[in-house]
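Chain and residue survey
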Amino acid sequence: MRYVLLLLLAGTVQTGVQAETLAAYGHQCAEQIAAIPAFSCMAGQEVPITQDGKPVPPQPAPATCDRPSLLPQADAQSQCVPGSRALVLRDDKTAQISAICRKQVARPAGSPLFDEINVISHSLKDGKTCWFTAKAAAPLREDRGIDGRWVPSPSLLPRQPQPPSPEGQRPLPAEKVWLSPREVAWSQPACVSCHDSGPFMYSPYIAQTTQLPGDPFGFYQPKAIGEDFKKAWVRLNAFGITTRGNTCTACHRMGNMNSCQVALQQSTGNAPQPGGNAWSRRFPQSHWMSPGNLHSQAQWNEQFASSLQQLAACCADPKGPGCQVVEYGGGSRSWP
């Protein structure tokens, strides 16, 4: 890790390029998409954690559950920690702003402490998308974390005062809470590698709430704002994949990174969900694509199995027969 940090610092010195600040990035996002308001995690809808349909107590975190979080968390007690909350801060014809306040350590019910907060801001006009992340200091502990009762806006200029909460509580300065654009763009798991199909990811975990905007076929330009995010997307060589008449991509895009490598198999019963229990591995919940699956397994195979095989082949070889590559920001490539 130290070696990687030294390389990054050396690259900055050699090129003379200053890392983009949170304030500069946040200001671009506010100007080109929408300003992100300060908010309370406690106003969000709690993400249920259940075992065989029954809610689990807030402590301790169970090792497995019906619908685990699919975000890899090396420091989390499990993929099934109770108490995370999701909320939509804006969803209209112009912009969509979604936040999730995650708990990776089990705490008493109603605790306002969280271990990670993620915000996605997305323009419906042109697809530009911004990403913000806050993380609690390691090692994670039950008695400390990010105070989610009033989270500062990451998109106000430094001289703009953060608004107080309705109760008069003043939030910490944004730079004390939110990570820098470079840290977010290059951290693992990277936002851009998982959100390779669109700004908002569907999973059984988040689908338990009503707090998820949808834009499966709208414009998507994830590398339009922020120098570090542009570089990360270029380095990852991210693009979409489809085939003619594919029943899977008739509902949503398919990205060539996490969607190809992990989600394609997890969502169709071909790979387990980390932290998933026996219930999660039985049909139909094992096949959570398509959402609200009302098919029998035979019907599912009839409708989707061939399309799944085509996508898997194109994920392995995007230049294969019948594969079409969709460039984010417009355009496509296909090979006969």
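For the structure, see preceding data.
To start, this report covers the structure provided alongside it.

1. Re the pattern of salt bridges
What the rule picks out here adds up to seven salt bridges. When the shortest N-O distance is used, the salt bridge between E46 and R85 registers 3.6 Å. With a gap of 39 residues between them, E46 in strand β1 (residues 45–46) and R85 in strand β4 (residues 85–91) connect regions that are remote in the sequence. Here E46 falls in the partly exposed class, since its relative accessible area comes to 40%. The buried category is assigned to R85, whose relative accessible area is 14%.

2. Comments concerning the state of the cysteines
According to the stated counting rule, one finds five disulfides in the structure shown. Between C29 and C130 runs a disulfide, and the two sulfur atoms are separated by 2.0 Å. The sign of the S-S torsion, about -90°, decides the handedness of the disulfide formed by C29 and C130: left-handed. In this pair, C29 sits in helix α2 (residues 22–32) while C130 sits in strand β8 (residues 129–135), placing the two residues 101 residues apart along the sequence. With its sulfur 1.9 Å from that of its partner, C260 forms a disulfide with C315. Here the S-S torsion is close to -70°, and the disulfide linking C260 with C315 is therefore left-handed. Taken together, the residues C260 in helix α8 (residues 258–266) and C315 in helix α9 (residues 297–316) connect sequence positions 55 residues apart. Comparing C260 with C315, the two get one shared label, buried. The disulfide pattern of the protein chain is 1-6, 2-5, 3-4, 7-9, 8-10 when the bonded cysteines are numbered in sequence order.

3. Considering the side chain of R107
Residue placement: R107 occurs in the loop between β5 (95–102) and β6 (113–114). Residue classification places R107 among the buried positions, given a relative accessible area of 2%. For R107, the side chain forms a polar contact with the side chain of D115, separated by 2.7 Å. Here the side chain of R107 touches R141 through a polar contact of 2.9 Å, landing on its backbone oxygen. Once residues lying within four places of it in the same chain are set aside, the contact partners of R107 are P58, Q59, L113, F114, D115, R141, E142, R144 and G145.

4. Considerations on the sheet that holds β8
Within the open sheet, the five strands sit side by side as β1-β4-β5-β7-β8. Their pairing is antiparallel. Every interior strand has two partners, whereas the edge strands, β1 and β8, have only one. In terms of strand pairing, β1 meets β4 through two bridges, oriented antiparallel. Considered in β4, the bridge of Q45 is made with A86.

Thresholds, definitions, all that
- Residues numbered from 1 in each chain as written.
- Predicted model: local features only at pLDDT ≥ 70, side-chain atom pairs only at ≥ 80, totals over all residues.
- Heavy atoms only, no water.
- Salt bridge = Lys/Arg side-chain N within 4 Å of Asp/Glu carboxyl O.
- Helix = DSSP H or I, 4+ residues; strand = E, 2+ residues; numbered from the N terminus.
- Buried < 20%, exposed > 50% of the residue type's maximum accessible area, 1.4 Å probe, protein only.
- Disulfide = S-S within 2.5 Å.
- Polar contact = N/O pair within 3.5 Å; in protein donor to acceptor, adjacent residues only side chain to side chain.
- Contact = heavy atoms within 4.5 Å.
- Pairing = 2+ DSSP bridges.

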